[in-house]
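# Fold and geometry: a report
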Amino acid sequence: METVLSITNLTKRFNRLTAVDKLNLEVKAGQVFGLLGPNGSGKTTTLGMLMSVINPTAGSYSWFGEVPSHHIRKKIGAVLEHPIFYPYLSGQKNLELNAMIKQCPPDNIANVLDLVELTDRRDDKYKTYSLGMKQRLAIASALLNNPTVLILDEPTNGLDPMGIAEIRELTKKIAAIGKTIILASHLLDEVQKVCTHFAILRKGNLIHCGPVEQVNAGSETIEVRADNGGLSELLLKFGGTSAVARDNGFYNVTLKESFHGKDLNRFLFENGVVADHLVTKRKSLEKMFLEILSETN
Amino acid sequence: MLHLLKIDLKKLTSYRTFWIVCGLYFLTLGFGAASGMEFLKWLVSTFESFGQELNIARIPLYHFPDVWMNLIWFSGLLKIVLAIMVVISITNEYTYRTLRQNVIDGLSRSEFLTSKILTNILLSLMSVAMIFVIGLVTGLIYSPYVTIDRITTDLEFFPAYFLEIFFFLSYALMLGILIQRSGLTIILLLLSQMIESIITANIDDYVPWLIPFFPMKSVWNLITFPLPRYAFQEIQDYVAIGSILIVIGWTFLFNYFSFLKLKHSDI
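Residues numbered from 1 in each chain as written. Chains lettered and ligands numbered in written order. Predicted model: local features only at pLDDT ≥ 70, side-chain atom pairs only at ≥ 80, totals over all residues.

The next subject is the overall build of chain A. The helix and strand tally for chain A stands at 11 helices and 13 strands. In terms of overall dimensions, chain A has a C-alpha envelope of 70 × 45 × 35 Å along the principal axes. Here chain A holds 297 residues, and 40% of them are scored as buried. Counting contacts in chain A only where the partners sit at least 6 residues apart, residues at least 24 apart contribute 70% of the total. (Helix = DSSP H or I, 4+ residues; strand = E, 2+ residues; numbered from the N terminus. Buried ≥ 20, exposed ≤ 12 C-beta atoms within 10 Å, placed from the backbone. Contact = placed C-beta atoms within 7 Å.)

Structural data, given as structure tokens:
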């Protein structure tokens, strides 16, 4: 797979504070790459350096294997931190201005406004927009030039649940058309739902990097409930059980490696118990994130 | 180049403050320049009430070629209004953080600066054109003799006027980029002349040769106060090469400092 972004030993120091410390990272074409980390872990500083608004103290990076320049930035759509537009210009005019800066034809403006559902409000001044509309306009602006890479920094920050869902759907829609997306967030649930790969930053250091699927690897946990008095004994009898815990009326069965949910289901059925609830629980990214953070402390 | 100018104009032409400030500037410039005759009439009536007589014909404010230098000197006083507009335009980019977004969207930092400088050049050229037209019209109305010779005399003050305006707008742009906050920048802009005067007054006895090199002083020397000539005094009725070079030097430095600051700071 083609390498879209390659970062080598990227470092940024603000006086005594090291915001990003010798970061090495690679993003390949087609990935939806989640950049995770607590607040102040250096996510935005990293993205700022990648977009040339922050000068790195040391290290380098390349986009599409080329030395970064403002021409390359035109191929990248980026929203850092929060949406930035001229408040006295309408949404339409802001996008016209951005089209001029990106040197792309303005024909695409109507399309992207449609995509983010802002067509009705396009002639209203930007300062009259709600936060969700501002975020959506920022995404529209990032998509204006039909970029191959999209950088989103906390795109759901400050949005209500409906807004969050809208942005998430939008991100998935964009990922589905094959764009590479770099998504910085501290909302782990969000990253788990949309990303294919993720990296964790803490105090400017990279402490984990890998595919999201990996989170689900390892032993499975099955949540079971059935109207049967002897369920707990039966679960313990199952050869694949390594532990059983009772939680809120459900039994959480941790399976040994190479055993799966269907094996437990078959075992129960053969023993005359029909479960009315049986779910293979995915290990949450949140759990893993906290594990990794505590390991490195 | 034109592309960059268009970008900056796109930002400004939908900005109401820009139209108000520029409208006020060009209106004041136009009416101010055209109402010198009214001032003379007021002067005459004041003299009369003291029992003195003043002959307007002896003060040929609007006669070719005097009209050029007179108008240009007085118009130069208004450049502060245009400079404040430039300060608002650049500090807005910092307060809205749109400079950052412009760079993210693919404008290089030097392209951004160039777009601002091009607007400064355009505003300076518009001032020149405005004063040229007013000078031509009033000159044609009030001059007793109109000859091509008289009209074309002293036109060298126009390039000097352009330089004066562009110099000052470059200074305002630099202050805006260095300070980034509009209020503070405007205060410093207004105080610049006074601060420089205080410094020059204090070093006058030690290094008098240095004083013509001070920025504000160099602009005063570019186009000198024309009215003493009507009181039979000698004035510098030409543009001195030395002053031109000093003003060009400062203009270049101001824009270069803007460039350095933009290039090396995190935005």
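The next point concerns the interface of chain A and chain B. Taken together, the 21 residues of chain A in the interface contact 21 residues of chain B. Contributions of two or more residues to the side of chain A that touches chain B are made by α2 (70-73) and α3 (91-102) of chain A. Element by element, the count of residues in the side of chain A that touches chain B is highest for α3(A), at 6 residues. Here the residues of the side of chain A that touches chain B are counted per class, giving 13 nonpolar, 4 polar and 4 charged. (Nonpolar A, V, L, I, M, F, W, Y, C, P; charged D, E, K, R; others polar.)

Let us now look at the domain arrangement of chain A. Residues and elements named next belong to chain A. By the assigned domains, chain A splits into domain 1 (3-215) and domain 2 (218-286). The distance between the C-alpha centroids of domain 1 and domain 2 comes to 41 Å. Residue-level contacts link 5 residues of domain 1 with 4 residues of domain 2. (Domains from an automatic or database assignment.)

Moving on to the pairing of strand β7 (residues 180-185) of chain A. All names here are of chain A. Burial within β7 is extensive, with 6 of its 6 residues counted as buried. Burial of β7 is two-sided: the residues T180, I182 and A184 facing one way and the residues I181, L183 and S185 facing the other way are all buried. Strand direction decides the pairing type here: strand β6 (residues 149-153) and β7, joined by 5 bridges, are parallel. Within the sheet, the bridge partner assigned to L152 lies in β7 and is L183. (Pairing = 2+ DSSP bridges.)

A few words on helix α4 (residues 66-76) of chain B. Residue and element names in this part refer to chain B. Buried residues dominate α4, accounting for 9 of its 11 residues. Turning to α4, its buried residues are D66, V67, W68, M69, N70, L71, I72, S75 and G76. Packed against the buried residues of α4 are α2 (16-34), α5 (79-95), α7 (109-142) and α9 (157-179).

Our next topic: α9(B). All names here are of chain B. Between the first and last C-alpha of α9 there are 33 Å, a value that for 23 residues agrees with the 33 Å anticipated at 1.5 Å per step. Summarising burial for α9: 18 of the 23 residues are buried, a large majority. A positive backbone phi angle near 70° is found at Q180, which sits one or two residues after α9. (Expected span 1.5 Å × (residues − 1).)

Residue and element names in this part refer to chain A. By the criterion of burial, strand β11 (residues 241-247) is predominantly exposed, with just 0 of the 7 residues buried. Pairing of β11 with strand β12 (residues 250-255) involves 6 bridges; the strand directions are antiparallel. Looking at β12, one finds that V244 is bridged to V253. Connecting the antiparallel pair β11 and β12 is a turn made up of 2 residues, with N248 showing a positive phi of about 60°.

On to unusual backbone geometry. Cis peptide bonds are those with omega within 30 degrees of zero, and the linkage from B:F64 to B:P65 qualifies with -5°. Of note, B:P65 is situated in the loop between α3 (36-49) and α4. Of note in this structure, A:N9 is not a glycine but carries a positive phi near 50°. Along the chain, A:N9 falls in strand β1 (residues 3-14). Owing to 13 C-beta atoms within 10 Å, A:N9 belongs among the partly exposed residues under this scheme. Positioned with a positive phi, A:K22 is a non-glycine residue whose angle comes to about 45°. Residue position: A:K22 is located in strand β2 (residues 17-28).

Turning to the confidence of the model for chain A, a few remarks are in order. Confidence in the prediction of chain A, expressed as mean pLDDT, is 87, and 98% of residues score 70 or more. Summarising per-element confidence for chain A, the mean pLDDT is lowest in helix α8 (residues 213-216) of chain A (74) and highest in α3(A) (95). (pLDDT = per-residue confidence, 0-100.)

Right, let's get into the sheet that holds β11(A). Residue and element names in this part refer to chain A. With respect to topology, 4 strands assemble into an open sheet ordered β11-β12-β10-β13, the strand pairing being antiparallel. For this open sheet the edge positions go to β11 and β13 (277-281), each flanked by a neighbour on one side alone. The average undirected angle you get between the axes of adjacent strands in this sheet is 20°. Note that strand β10 (residues 221-225) and β13 share 5 bridges and pair antiparallel. Counted as the bridge partner of V224 is L278 from β13. Running at roughly 160° to β13, helix α10 (residues 261-270) makes contact with β10, β12 and β13 of the sheet. (Axes fitted to C-alpha atoms, helices over the stretch in contact; angles between N-to-C directions.)

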